[in-house]
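Descriptive analysis of the structure
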Amino acid sequence: MTWLLIDADMLLYQAVTSCETEIEWEPDVITTHLPLKEVKYVLHSLIESKQKLVGAKRTTLCWTAADNFRKTIDPTYKGNRRESKHRIKPVGFKRARECAEVEYDSECWFKLEADDVLGILATQNKDKDVVIWSGDKDLKQIPGFHLSDDGDIKEITEQQADLYFYRQVLIGDAVDNYSGCPGVGPKTAEKLIPVKDFNPCDAWQTVENTYKKKGLSKELALQQARLARILRDTEYVYDLITLWMPPIRPTTVTTAM
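Residues numbered from 1 in each chain as written. Predicted model: local features only at pLDDT ≥ 70, side-chain atom pairs only at ≥ 80, totals over all residues. Heavy atoms only, no water.

**Some thoughts on the pairing of strand 2 (residues 21-26)**
- Within strand 2, only 0 of the 6 residues are buried, which leaves the element largely exposed.
- Here 5 bridges tie strand 2 to strand 3 (residues 29-33), and the two strands are oriented antiparallel to one another. Paired with Glu-26 across the strands is Val-29, a residue of strand 3.
- In this structure, the hairpin formed by strand 2 and strand 3 is closed by a connection of 2 residues, where Asp-28 is found at a positive phi of approximately 75 degrees. (Buried < 20%, exposed > 50% of the residue type's maximum accessible area, 1.4 Å probe, protein only. Helix = DSSP H or I, 4+ residues; strand = E, 2+ residues; numbered from the N terminus. Pairing = 2+ DSSP bridges.)

**Considering the packing of aromatic side chains**
- On inspection of all chains with the given rule, the structure shows 6 aromatic pairs.
- With centroids separated by 5.1 Å and ring planes inclined at 65 degrees, the aromatic side chains of Phe-165 and Trp-244 adopt a geometry described as edge-to-face. Taken together, the residues span a long stretch of sequence, with Phe-165 in helix 7 (residues 158-171) and Trp-244 in the segment after strand 10 (240-241) at a distance of 79 residues. Accessibility classification places Phe-165 together with Trp-244 in one group, the buried group.
- Where Trp-204 meets Trp-244, the ring centres are 5.1 Å apart and the plane angle is 65 degrees; that geometry is what we call edge-to-face. A residue pair is termed long-range when its members are at least 10 positions apart, and Trp-204 in helix 9 (residues 200-213) and Trp-244 in the segment after strand 10 qualify at 40 residues.
- The exposure class of Trp-204 is buried, given its relative accessible area of 5%.
- You can call Trp-244 buried: its relative accessible area is 9%.
- The rings of Phe-165, Tyr-166, Phe-198, Trp-204 and Trp-244 are connected pair by pair, giving a single aromatic cluster. (Phe/Tyr/Trp six-rings, centres within 6.5 Å; stacked < 30°, edge-to-face > 60°.)

**Observations regarding the sheet that holds strand 8 (residues 153-156)**
- Spatially, 6 strands are ordered 5-4-1-6-7-8 in an open sheet, and the strand pairing comes out mixed. Strands with a single pairing partner mark the edges of an open sheet, and in this sheet they are strand 5 (106-108) and strand 8. Averaged over all pairs of adjacent strands, the angle between their axes in this sheet comes to 30 degrees, without regard to strand direction.
- As paired strands, strand 1 (residues 2-7) and strand 6 (residues 130-133) are joined by 4 bridges and run parallel to one another. Bridge pairing in strand 6 links Trp-3 to Val-130.
- Strand contacts of helix 5 (residues 93-103): strand 4 (56-63) and strand 5, with the helix running at about 120 degrees to strand 5, the strand carrying the most contacts. (Axes fitted to C-alpha atoms, helices over the stretch in contact; angles between N-to-C directions. Contact = heavy atoms within 4.5 Å.)

**Details of unusual backbone geometry**
- The backbone of Lys-78 sits at a positive phi, close to 60 degrees, despite the residue not being glycine.
- Along the chain, the position of Lys-78 falls in the loop between helix 3 (70-73) and helix 4 (79-83).
- Judged by relative accessible area, which is 16%, Lys-78 ranks as buried.
- With phi around 65 degrees, Asn-177 is a residue other than glycine that occupies positive phi space.
- Take Asn-177: it is sitting in the loop between helix 7 and helix 8 (186-192).
- Overall, the relative accessible area of 29% leaves Asn-177 in the partly exposed class.

**Here we look at helix 7**
- Between its first and last C-alpha atoms helix 7 spans 20 Å; for 14 residues at 1.5 Å apiece the expected length is 20 Å, and the two agree.
- In the core, the buried residues of helix 7 are packed alongside strand 8, helix 8, helix 9 and helix 10 (218-228). (Expected span 1.5 Å × (residues − 1).)

**Things to note about the packing of helix 1 (residues 8-19) against helix 2 (residues 36-54)**
- Running from N to C, helix 1 and helix 2 point in directions that differ by 135 degrees, and their axes come no closer than 9 Å. Accordingly, the angle class assigned to the pair helix 1 and helix 2 is oblique. As for how helix 1 packs across helix 2, the hand of that crossing is right-handed. Contact residues: helix 1 offers Leu-11, Leu-12, Gln-14, Ala-15, Val-16, Ser-18 and Cys-19, while helix 2 offers Glu-38, Val-39, Val-42, Leu-43, Leu-46, Ile-47 and Lys-50. (Parallel < 35°, antiparallel > 145°, perpendicular 65-115°, else oblique. Left-handed = near helix turned anticlockwise from the far one by under 90°.)

Spelled out as structure tokens, the structure:
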């Protein structure tokens, strides 16, 4: 039985923005309104289309909580969105979400973003037929099956997911307002952490060394890693978040002859 996990924040945003309507009541007086009935119809159509693509018998919408644990790591996380003059959410989004959470099976967990809920559920249930949909590239950090907008289902292995994570720590994410290591883009990150002979311990050592060459501390590298990390199984238990820690290189024990 295929279980489809959906990034509900992103899908609802698509539905709401497509239904948002402007009315010019008189010259220089324009308001925006949202017909909720249309939003419900569009959202249902979007969900149904994805269900058909994977043959889903079960669907769960994953939502972002009001509070966010990453802001305790760095108070400026996603702060660029508030500083901009653009609205963080379109008109009526909150009310539309309330309706969707009642109508569909939904999960929203304390201090987590929708990405984290998706990551935890997918890795907790990797023995089941689980498929993730999200338009956010950060979900490439999560091993498992992923549905694209084109209808393709691609499997991301644990090694590929880990590889993406370590590269992301170097690259950063301007959208989420964490910088990564200055001057390191995707192509440089690929060269620094190649697929061949990938090892998490070596990858983290490369991350620390790259930050050090830029005059930055390993503490900053760790902070960036914790901002970038999408949580997986065991990293969130009963509302307790386990912040990511660098891998420990195994020690070789020799026996005296």
